[in-house]
Amino acid sequence: MQDLKRLANTLHPLERKVLPLLEKNKDVKSIANISGLQEVEILRALQWLENKEIIKLNTSEKKILKLDVNGLKYAKTGLPESIFLKTLDEKSLSLEDIKKNSELSNEEVNVCVGLFKRKGILDTVPGQQVKFKLNESGLKLINQKSIEERLLERLKIKDLELDKLNPEDKFAFENLIKRKEIIKIHDEENKIIELTELGKELLKIKLDLDLIETLNPEIIKNEEWKKKNFRIYDIKANVPKVYGGRLHPLQETMNQIRKIFMNMGFKEMEGPLVETAFWCMDSMWIPQDHPARDVQDTFFLQQEGKIPEELAKKIAIEHESGGKSGSKGYGYKWDPKIAKQLLLRTHTTATTFRYFGEKNIKAPAKYFYIGRIFRNEAIDATHLPEFHQSEGFIMDEGLTLRDLMGYIKEFYNNMGIYKIKFKPTYNPYTEPSMECIGYNEQLEKWVELINSGVFRPESLEPYGINVPVIAWGLGVERLAMMIHQQKDIRNMLGATADLNWLRKHKVKW
Amino acid sequence: MVILETKHSVLNKLVKKLSLKELEEILFNLGYELENSEGDNLRIDVTTERPDLLSTYGLVRALRSYLGLKNEKYKIKKSDLVMNVIDPAKEWPYAVACIVKNLKFDDEKIKEIIRIQEKLGGTFLRNRRKGGLGLYPLNKINFPVIYTSENPKKIKYRPLEYNEEITGEEILEKHPTGRTYKHLVEGWKKFPIFKDYKNIIMSMPPIVNSHDVGKIDENTKEVFVEATGIDLKTITNAFNILVGALIDMGGDAYSINVKYENKNLIIPEFKEESRILIVEEVNSLLGMNFNSNEIKKLLEKMMYEVKSVTQDKLEILVPSNRSDIWHNVDIIDDVARAYGFNNFELRMNNVASIGSTTKSVEIKGALSNLLVGFGYQELFTLFVTSKQDQFDKMNIKEMKHIKLGKSVESGINMIRCWLLPELMKALNNNRSIEYPHKLFEISHVTVPDETKDVKSKDLLRLSLVNCHSNANFTEIKQILDFLMDSLEIKYEIKENEHGSFIPGRCCSIYFNKKEIGFMGEVHPAVLKNWGLEMPACALELYLNDIFKLE
């Protein structure tokens, strides 16, 4: 009894309306008629009642016949064949005249001629122009209604169920369904409702129709809740999905990187996206014939920029002969014209060297940058013409390769990566240079994320920097894709981003 | 990234027996990578600054040295043969050459030679822009050889794998290699040629050899080798790597006396540069406490010859085929590689400083927070875009913008000068995703500015767009009100005309008499251009002007 009472209190108002009707009514239509509820509401209530095992729903399928486009027309006018017969009547008419008088289409007239010729009720009248005439048996048919037309008239009044047709109608249906858009078949699901034992029990007790549905200010004020029961909700029921606004996963990754750098005492830099080749390459001792300067790797602008003249002189010497840095230099003639080319920066180190050249940075100093960079590349799952790079440098007396390794290890630890390996590599403006490979515990594999090095003396001398500068950088997308296990960069960056994925991406620490 | 293709069995024979795993580890420590292996075939990723490793024989020397095995120095015998350099093309003035005898070529060795030539040409010689290499069967050549130049119309010979003699000009049009490298000699009045004493044309560098006298095969025992190009140092380097490989294949190299108008060179000369390395220099860069003998041992693993050692310095010889030693730091890097990067004890010298970020980053963070609270999804769209997207589809006239030169992707020809079109593009790409769509981006646009060294400036903007069945002006103005109120900005609005928006439903936004943005209901014609069947309203704010950013 206690259980039944509780069960009664879980009933939604719709359920409470529908349930008492189920004793006498077993289908949705009749419940709709009696209750005045909409069919969708009843169906929802029935679904809930079934979930609570109060009723059992047996679904049967019915095939319902309805008039289609042509059927609707013919139900009014009669079928083309009777129009044909009525038009011809006792006259002799040419095909053209029949069409004109009957307003039937070419196709319809041709079908009728074929049909009636086969039945032997239509004769041809010879002459200049071929005419048609009905014979005796044909004339008898004029005012007879065909079984097909009778079916159409009945369907005009109401839809019929296929299984309930009498044999004559069934025969007519089979003729009509072969013809174009006269009858359509509609599959109708019919639910037969059956009360379970539990349902029958429930009907015996009085259903408390006065439950509190939605708690509102009124009820709180007048303390109605003290007198009434709350309806018990089905708290396990599924609810519609909602999505909130989110920061972009790349922004989240950038914020994480920014936090690590700032915690380690780094100051953030900023610099222009359009750069001169001077700041992007020459300023850090990248030779003027370096492959990165090829058009297929870099976006060039159709304009030249300006370069700082005094510094350019020093850079020229550094490239040509190594200046006083202890270097041999590249041994070529440095060309200021090449340095003036404007381009979309290919790495954030352009900004690092702008800071060396323009901000007069003094040791000890730690700076970082997170910025957009560009490559003139074909687009695929791992390449877009632009992406983000993050890099940091430290300038101070006494810094060594070992310190670079130590700082990188610290940086990785902050990202939750503890196992790392170093691999020497080549980079035109750092020596030694190294890649740092971290072991990703989740993916269970080694991933290369960081590139690093000690800036070459040739790259620093023009700025009067005579203390070591160590630096490292990483690709932001690469890291974010790894964190979020996203394999296609296009789903993340650019207007091709997948909004569904952005809405649903997981929170990562 | 450059790939050296070689064979495991060859390395086992010429270095010592190494398992794939051992080899992989040694390569990793040296800074290279076993990219993949298929049976005996290995693909090794070596870095571009070491052209000497582009030949199997070069790699063999490096590995032997690293493992403590001795390498023989390259030996050169003298010959009295002469090559005259007379009136060379001014664009391609340098040539060096020598001969190599007693070669036992087989199919594999010929392939290796071709590989070295191609890899050096493609990387170190920058697709032959800096120089080219050639080999000829010695028995078909009569000395003295001449390196000179000639009007391309008058050059006539049968290029490699071609059926008939054609002129230099025709080679550029008809011969496949000629077509590939045609751009190298564009505009040259005279083309470089090698010819022998009997005036037989041997080749037309840097394009193609003669089929009759410039083709080597398995029967070739003796060769004439040459390199030509724009810079003597570079071509000598490439030439030495090729000749070194021929010597390591078992050949005997004989020098040639190359006579220029004003100098004589005896080629080849495997010149080892002498350098002084200070112990302190090494230790201060690496953070180590090596003594000079420890450094000596490490240097020897990396093919350096140490002539003398004192307590605080070493006199060393740099291997002749190393073109990447500009400074002592390059040698110290090799010391570190020999020691093993993963053997260093890590440390973190304390560098005291206080972290900080920029005003732009802080503004972006604060505004993003407000918008996310309103249910806006942040986007990161691209800077590179097209005039069609930025202007045509938005129904507006072209604005001043930064044009881009050649792009690999068609449809990229400018940098964005406003953000909204890129958000519209995102709406277009996400038409099938459940609505409502509320998107925002806070990022830069780039506009021309002649006063700047880079002729442009990046401006921070905020753009947002609502797209759903009843998106309207009120909705967007509510957001503006909220944002401006949060920022304590008293703004004014003036109706304006903007092709992207419905007339009478768009406006400019002003603050202190300065325009700081615009907003409106997006015009149905624009919606149609972007394939959208939902109304949209949008706002774009000039954060630079609002916050006086520079």
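Residues numbered from 1 in each chain as written. Chains lettered and ligands numbered in written order. Predicted model: local features only at pLDDT ≥ 70, side-chain atom pairs only at ≥ 80, totals over all residues.

## A closer look at the overall build of chain A
Phase 1 of the analysis: Each helix and strand in chain A was counted, giving 22 helices and 16 strands.
Phase 2 of the analysis: For chain A, whose C-alpha radius of gyration is 43 Å, the value lies well above the compact-globule estimate of 23 Å for 509 residues.
Phase 3 of the analysis: Looking at the 509 residues of chain A, the share that counts as buried comes to 37%.
Phase 4 of the analysis: By sequence separation, contacts in chain A at least 24 residues apart represent 67% of the contacts at least 6 residues apart. (Helix = DSSP H or I, 4+ residues; strand = E, 2+ residues; numbered from the N terminus. Rg over C-alpha atoms; globule rule 2.2 N^0.38 Å. Buried ≥ 20, exposed ≤ 12 C-beta atoms within 10 Å, placed from the backbone. Contact = placed C-beta atoms within 7 Å.)

## A look at the overall build of chain B
Phase 1 of the analysis: A tally of helices and strands in chain B yields 16 helices and 29 strands.
Phase 2 of the analysis: Whereas a compact globule of 550 residues would reach a radius of gyration of roughly 24 Å, chain B reaches 33 Å, over 25% beyond that.
Phase 3 of the analysis: Taking the principal axes of its C-alpha atoms as reference, chain B extends roughly 95 × 65 × 50 Å.
Phase 4 of the analysis: Counting across all 550 residues of chain B, residues that qualify as buried make up 43%.
Phase 5 of the analysis: Taking all contacts inside chain B whose residues are at least 6 apart in sequence as the whole, residues at least 24 apart take part in 67%.

## Topic: the sheet that holds strand 4 (residues 76-77) of chain B
Phase 1 of the analysis: The mixed open sheet is built from five strands, whose spatial order is 4-15-6-14-7 (chain B). Single-partner strands in this sheet number two, and they are strand 4 and strand 7 (131-137) of chain B. (Pairing = 2+ DSSP bridges.)

## Thoughts on the domain arrangement of chain A
Phase 1 of the analysis: The domain boundaries assigned to chain A delineate domain 1 (2-62 + 187-226), domain 2 (69-185) and domain 3 (250-271 + 345-504).
Phase 2 of the analysis: Distance between the C-alpha centres of domain 2 of chain A and domain 3 of chain A: 82 Å. (Domains from an automatic or database assignment.)

## Some thoughts on the pairing of strand 12 (residues 201-204) of chain B
Residues and elements named next belong to chain B.
Phase 1 of the analysis: Taken together, the two bridges between strand 11 (residues 191-195) and strand 12 define a ladder with antiparallel strand orientation. Residue Phe194 lies in a different strand from strand 12, and its bridge partner there is Ser203.
Phase 2 of the analysis: Sheet topology note: the strand 12/strand 13 (residues 208-209) ladder contains two bridges and is antiparallel. Its bridge partner lying in strand 13, Met204 is registered against Val208.
Phase 3 of the analysis: Here strand 12 folds back onto strand 13 in antiparallel fashion, the turn holding three residues.

## Description of the packing of helix 4 (residues 107-124) of chain B against helix 7 (residues 232-248) of chain B
All names here are of chain B.
Phase 1 of the analysis: Direction vectors running N to C along helix 4 and helix 7 enclose 160°, while the axes themselves pass 11 Å from each other. The pairing of helix 4 with helix 7 is recorded here as roughly antiparallel in orientation. The handedness of the crossing between helix 4 and helix 7 is right-handed. On helix 7, the residues that touch Ile116, Gln117, Leu120 and Phe124 of helix 4 are Ala238, Ile241, Leu242 and Ala245.
Phase 2 of the analysis: Among the residues making up the contact of helix 4 with helix 7, the classes are represented as seven nonpolar, one polar and no charged. (Axes fitted to C-alpha atoms, helices over the stretch in contact; angles between N-to-C directions. Parallel < 35°, antiparallel > 145°, perpendicular 65-115°, else oblique. Left-handed = near helix turned anticlockwise from the far one by under 90°. Nonpolar A, V, L, I, M, F, W, Y, C, P; charged D, E, K, R; others polar.)

## Things to note about the nonpolar core
Phase 1 of the analysis: Counting residues in hydrophobic clusters, the biggest one holds 221 residues, and the most contacted among them are Ala97, Val223, Val225, Ala238, Leu242, Leu464 and Ala538 of chain B.
Phase 2 of the analysis: With nine residues, helix 7 of chain B is the single largest residue contributor to this core.
Phase 3 of the analysis: Not counting chain neighbours up to four residues away, the residues in contact with Ala97 of chain B comprise Met83, Phe224, Val225, Glu226, Ile256, Val258 and Ile267 of chain B.
Phase 4 of the analysis: The next biggest cluster of nonpolar side chains, apart from the first, holds 14 residues, and it includes Ala8, Val18, Val28 and Ile193 of chain A. (Core = buried A, V, L, I, M, F, W, Y, C linked by C-beta atoms within 7 Å.)

## Thoughts on the sheet that holds strand 28 (residues 514-522) of chain B
Residue and element names in this part refer to chain B.
Phase 1 of the analysis: If you walk across this open sheet you meet the seven strands as 21-24-25-29-28-27-26, and the pairing is mixed. Edge positions in the open sheet fall to strand 21 (377-378) and strand 26 (492-495), since each of these has one partner strand only.
Phase 2 of the analysis: The strands that helix 13 (residues 420-429) touches are strand 24 (437-448), strand 25 (456-467) and strand 29 (536-542); relative to strand 25, the one it contacts most, it runs at about 40°.

## Re the packing of helix 10 (residues 147-157) of chain A against helix 11 (residues 167-177) of chain A
All names here are of chain A.
Phase 1 of the analysis: Contact geometry of helix 10 with helix 11 gives a least axis separation of 9 Å together with a crossing angle of 95°. Taken together, helix 10 and helix 11 sit at an angle that is classed as roughly perpendicular. Of the residues in helix 11, those touching helix 10 at Ile147, Glu148 and Leu151 are Glu168, Asp169, Phe171, Ala172, Phe173, Asn175 and Leu176.
Phase 2 of the analysis: Class assignment for the residues of the contact of helix 10 with helix 11 results in six nonpolar, one polar and three charged.

## Some points on the pairing of strand 7 of chain B
All names here are of chain B.
Phase 1 of the analysis: For strand 7, the tally of buried residues reaches six of seven residues, placing the bulk of the element in the interior.
Phase 2 of the analysis: Note: strand 7 against strand 14 (residues 223-229), seven bridges, orientation antiparallel. Following the sheet pairing, Gly131 is matched in strand 14 by Gly229.

## Observations concerning the interface of chain B and chain A
Phase 1 of the analysis: Taken together, the contacts link 75 residues of chain B with 86 residues of chain A.
Phase 2 of the analysis: Within the residue set of the side of chain B that touches chain A, elements represented by two or more residues are helix 8 (279-286), helix 10 (328-339), helix 11 (359-373), strand 21, helix 13, strand 24 and strand 25 of chain B.
Phase 3 of the analysis: For the side of chain B that touches chain A, the element with the most residues is helix 10 of chain B, which contributes six residues.
Phase 4 of the analysis: Residues that form the side of chain B that touches chain A fall into these classes: 30 nonpolar, 27 polar and 18 charged.

## Here we look at the environment of Asp212 of chain B
Phase 1 of the analysis: Its place among the elements puts Asp212 of chain B in the loop between strand 13 and strand 14.
Phase 2 of the analysis: Residue Asp212 of chain B is classed as partly exposed on the basis of its C-beta count, with 15 C-beta atoms lying within 10 Å.

## Concerning helix 11 of chain B
Residue and element names in this part refer to chain B.
Phase 1 of the analysis: For helix 11, with 15 residues, the first-to-last C-alpha span of 21 Å sits near the 21 Å given by 1.5 Å per residue.
Phase 2 of the analysis: Among the residues of helix 11, Leu367, Ser368 and Leu371 are the ones counted as buried. One face of helix 11 carries all of its buried residues, which in axial projection span an arc of 110°. The outward face of helix 11, more than 90 degrees from its buried face, is lined by the exposed residues Ala366, Asn369 and Gly373.
Phase 3 of the analysis: Following helix 11 by one or two positions, Gly375 adopts a phi angle in the positive range, close to 85°. (Expected span 1.5 Å × (residues − 1). Arc of directions from axis to C-beta.)

## Let's talk about the domain arrangement of chain B
Phase 1 of the analysis: Here the domain parsing of chain B yields domain 1 (2-66), domain 2 (76-267), domain 3 (293-342) and domain 4 (359-547).
Phase 2 of the analysis: Centre-to-centre separation of domain 2 of chain B and domain 4 of chain B, based on C-alpha positions: 60 Å.

## Focus on the confidence of the model for chain A
Phase 1 of the analysis: Across chain A, pLDDT averages 90, with 99% of residues at or above 70.
Phase 2 of the analysis: When pLDDT is averaged over each helix and strand of chain A, the minimum, 80, is found for helix 9 (residues 136-141) of chain A and the maximum, 98, for strand 7 (residues 267-268) of chain A. (pLDDT = per-residue confidence, 0-100.)

## Side note on the confidence of the model for chain B
Phase 1 of the analysis: Confidence along chain B averages 94 in pLDDT terms, with 100% of residues attaining 70 or more.
Phase 2 of the analysis: For this predicted complex, the interface score ipTM comes out at 0.92, while the overall pTM is 0.82.

## Side note on the environment of His8 of chain B
Residues and elements named next belong to chain B.
Phase 1 of the analysis: Positionally, His8 belongs in helix 1 (residues 8-14).
Phase 2 of the analysis: Residues His8 and Asn41 lie 33 residues apart in sequence; the distance between their C-alpha atoms is 6.4 Å.
Phase 3 of the analysis: Aside from chain neighbours lying at most four places away, what touches His8 is Leu20, Ser37, Asp40 and Leu42.

## Re the environment of Ile307 of chain A
Phase 1 of the analysis: Position of Ile307 of chain A relative to the elements: it lies in the loop between strand 9 (300-304) and helix 16 (309-321).
Phase 2 of the analysis: Since 18 C-beta atoms lie within 10 Å of it, Ile307 of chain A is described here as partly exposed.

## Observations concerning unusual backbone geometry
Phase 1 of the analysis: Geometrically, the link from Glu431 of chain A to Pro432 of chain A is a cis peptide bond, its omega value of -5° lying close to zero.
Phase 2 of the analysis: On the secondary structure map, Pro432 of chain A appears in strand 14 (residues 430-440).
Phase 3 of the analysis: Residue Pro144 of chain B follows Phe143 of chain B across a cis peptide bond; omega there is -5°.
Phase 4 of the analysis: The topology assignment puts Pro144 of chain B in the loop between strand 7 and strand 8 (145-150).
Phase 5 of the analysis: Within the chain, Asn102 of chain B stands out as a residue other than glycine whose phi angle is a positive 60°.
Phase 6 of the analysis: Checked against the element boundaries, Asn102 of chain B lands in the loop between strand 6 (94-101) and helix 4.
Phase 7 of the analysis: One non-glycine residue, Glu488 of chain B, lies in the positive phi region at around 55°.
Phase 8 of the analysis: Tracing the backbone through its elements, the reader meets Glu488 of chain B in the loop between helix 14 (473-486) and strand 26.

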